[in-house]
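Each chain is listed here by its residues.
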Amino acid sequence: MSHRTADPLRTVTLDDVLGAQKMLTEIARVTAMEGSRHLTQLVGAPVHLKCENLQRTGSFKLRGAYVRIAGLLPEERAAGVVAASAGNHAQGVALASALLGVRATVFMPKGAPLPKISATREYGAEVRLHGHVVDETLAAAQEYATRTGAVFIHPFDHPDVIAGQGTVGLEILEQCPEVRAVVVGIGGGGLAAGIAVAVKALRPDVRIIGVQAAGAAAYPPSLAAGRPVPVENPVTMADGIKVGRPGDVPFALVGALVDEVRTVTEDELSTALLLCLERAKLVVEPAGASPVAALLSDPGSFEGPVVAVLSGGNVDPVLMQRVLRHGMAAQGRYLAVRLRLTDRPGALATLLGVLSLADANVLDVSHVRTDPRLGLTEAEVELHLETKGPAHCAEVGEALRAAGYTVIG
């Protein structure tokens, strides 16, 4: 691929994506395409999962990072590269730089998960922790680039990055030539734009559907306004698509080529992540599960065969624990209740007996006797229960009330 630094706002073509595919031979894996019987039954048409969570570094980001860095001039490579990321882009830049023999410095937020920091260092990059949010980290990386001459590698707002990500689209068409719809998560827009360039050039009849987290959905208002519109303080567990403003280059391509952008809730994201783990046996981060969340939220609106792109699997174990519990709660499989009872010997055992008869599995018990809110003979108990669905949750609540307990939360 020719050097493009001089014209960063140029468009991206199928030839660019084909060139990127050649460049990535022996570098990026051709990731698996797995069928999903559960989603197929739900949607009423074949559903396939494009497993970029199994890509090297655990996400699609290696593709774009490698193509971008490989396209640098010799003097630019000699100056090194710098990037800012909370995780996936950091690891992609680190590995791509190591493979190309380029020095890499990666700025990461101070609160970035330790596994992602460790992985980035192990791939060979120098990691500098700066700021508490990505915007602060990004500013530090750009200042470093200005001060040192290192080339800043943007995570999505560059044609070469988009061309690299577009190779996912070429693989989708090769692995599922009968595809009718591709569903892909959108943050800044690089992956969706690249896939759309490749797929629409070869199969214009295929629908491209982007998915954003509702709390970080910058694309719907931006597309309505005809220009990138920032979202103040985006909030979502899906940090891979938690981007406040669309990139200029991908925005133009998404506007021209992506058929629709939908949003999903946090409950839908956590339910989708849980489904990927339980049904598909795939570890997927919340951003990677966003296409599955879209399928779950409105399964009848997709014409199949459908390919859902699982963009990454780099999920922090602590977050995974929280998200799984959230997903179980959303499905009625996890219930937290707080109630008061008379503080006397055997009272807790009696309560647990009621729950046992209701077939609720007790995961955790917190028993408080001393609190200004409590009467002299009262105790407060918080229980975390494993349940079997919304109907069972209602049955447990009714059993507690029938036994004379006052449920307060």
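Points about the nonpolar core
Membership of the largest hydrophobic core comes to 65 residues, with the highest contact counts inside it found for Ile-69, Val-81, Ile-195 and Ile-208. With eight residues, the top contributor of residues to this core is helix H9 (residues 190–202). Not counting residues up to four positions away in its chain, the partners in contact with Ile-69 are Arg-77, Val-81, Val-93, Ala-96, Ser-97, Leu-100, Val-102 and Ile-153.

With respect to the sheet that holds strand E5 (residues 126–129)
Pairing is parallel in the open sheet, where four strands are placed in the order E5-E4-E3-E6. Lying at the two open borders of the sheet, with one neighbouring strand each, are E5 and strand E6 (151–152). Of the pairings in the sheet, the one linking strand E4 (residues 104–108) to E5 comprises four bridges and is parallel in character. Among the inter-strand pairings, Met-108 is bridged to a residue of E5, identified as Leu-129. In the packing of helix H5 (residues 88–100) onto the sheet, the strands contacted are strand E3 (81–84) and E4, and the crossing angle to E3 comes to about 165°.

A closer look at the environment of Val-47
By secondary structure assignment, the location of Val-47 is in strand E2 (residues 47–51). Overall, the relative accessible area of 1% leaves Val-47 in the buried class. Sequence-wise, Val-47 and Gly-240 are 193 residues apart; in three dimensions their C-alpha atoms are separated by 23 Å. Those residues within four positions of Val-47 in sequence are excluded, and the remaining contacts are Glu-34, Gly-35, Ser-36, Leu-39, Thr-40, Leu-295 and Val-306.

Let's talk about the packing of aromatic side chains
On inspection of all chains with the given rule, the structure shows two aromatic pairs. In this structure, Arg-262 is placed above the aromatic ring of Phe-302, and the distance from its NZ or CZ to the ring centre is 4.4 Å.

What to know about the pattern of salt bridges
Enumeration over the complete set of coordinates arrives at 16 salt bridges. With its nearest N and O atoms 2.7 Å apart, the salt bridge here joins Arg-180 to Asp-205. One end of the pair, Arg-180, is in the loop between helix H8 (159–175) and strand E7 (181–185); the other, Asp-205, is in the loop between H9 and strand E8 (207–213), with 25 residues separating them in the sequence. Taking the shortest distance from any N to any O, the salt bridge between Glu-260 and Arg-207 comes out at 2.9 Å. Of the two residues, Glu-260 is situated in strand E9 (residues 260–264) and Arg-207 in strand E8; the sequence distance between them amounts to 53 residues.

Overview of the side chain of Thr-387
Within the element layout of this structure, Thr-387 appears in the loop between strand E13 (378–386) and helix H16 (390–402). With a relative accessible area of 5%, Thr-387 lands in the buried category. At 3.4 Å, the side chain of Thr-387 and the backbone nitrogen of Tyr-334 are in polar contact. Ignoring any residue separated from it by four or fewer positions in sequence, one finds Thr-387 in contact with Gly-332, Arg-333, Tyr-334, Leu-335, His-392, Cys-393 and Val-396.

A look at the packing of H5 against helix H6 (residues 114–122)
In contact at an axis separation of 8 Å, H5 and H6 are set at 10° when each is read in the N-to-C sense. In terms of axis orientation, H5 runs roughly parallel to H6. Helix-helix and strand crossings are classified by hand; for H5 and H6 the assignment is left-handed. In contact with Asn-88, Ala-90, Gln-91 and Ala-94 of H5, H6 contributes Lys-116, Ala-119 and Thr-120.

Some points on the side chain of Ser-311
By secondary structure assignment, the location of Ser-311 is in the loop between strand E10 (306–310) and helix H14 (317–330). Ser-311 gets classed as buried once you look at its relative accessible area, which sits at 11%. In contact with Ser-311, not counting residues within four places along its chain, are Glu-52, Asn-53, Gly-58, Ser-59, Phe-60, Leu-191, Ala-287 and Gly-288.

Considering the state of the cysteines
Scanning the entire structure with this criterion turns up zero disulfides. Cys-276 carries a free sulfur, and the closest cysteine sulfur to it, the one in Cys-51, is 8.7 Å from it. With relative accessibility at 1%, the residue Cys-276 sits in the buried group.

The rules behind the values
Residues numbered from 1 in each chain as written. Predicted model: local features only at pLDDT ≥ 70, side-chain atom pairs only at ≥ 80, totals over all residues. Heavy atoms only, no water. Core = buried A, V, L, I, M, F, W, Y, C linked by side-chain atoms within 4.5 Å. Buried < 20%, exposed > 50% of the residue type's maximum accessible area, 1.4 Å probe, protein only. Helix = DSSP H or I, 4+ residues; strand = E, 2+ residues; numbered from the N terminus. Contact = heavy atoms within 4.5 Å. Pairing = 2+ DSSP bridges. Axes fitted to C-alpha atoms, helices over the stretch in contact; angles between N-to-C directions. Phe/Tyr/Trp six-rings, centres within 6.5 Å; stacked < 30°, edge-to-face > 60°. Lys NZ or Arg CZ within 6 Å of the ring centre and 35° of its normal. Salt bridge = Lys/Arg side-chain N within 4 Å of Asp/Glu carboxyl O. Polar contact = N/O pair within 3.5 Å; in protein donor to acceptor, adjacent residues only side chain to side chain. Parallel < 35°, antiparallel > 145°, perpendicular 65-115°, else oblique. Left-handed = near helix turned anticlockwise from the far one by under 90°. Disulfide = S-S within 2.5 Å.

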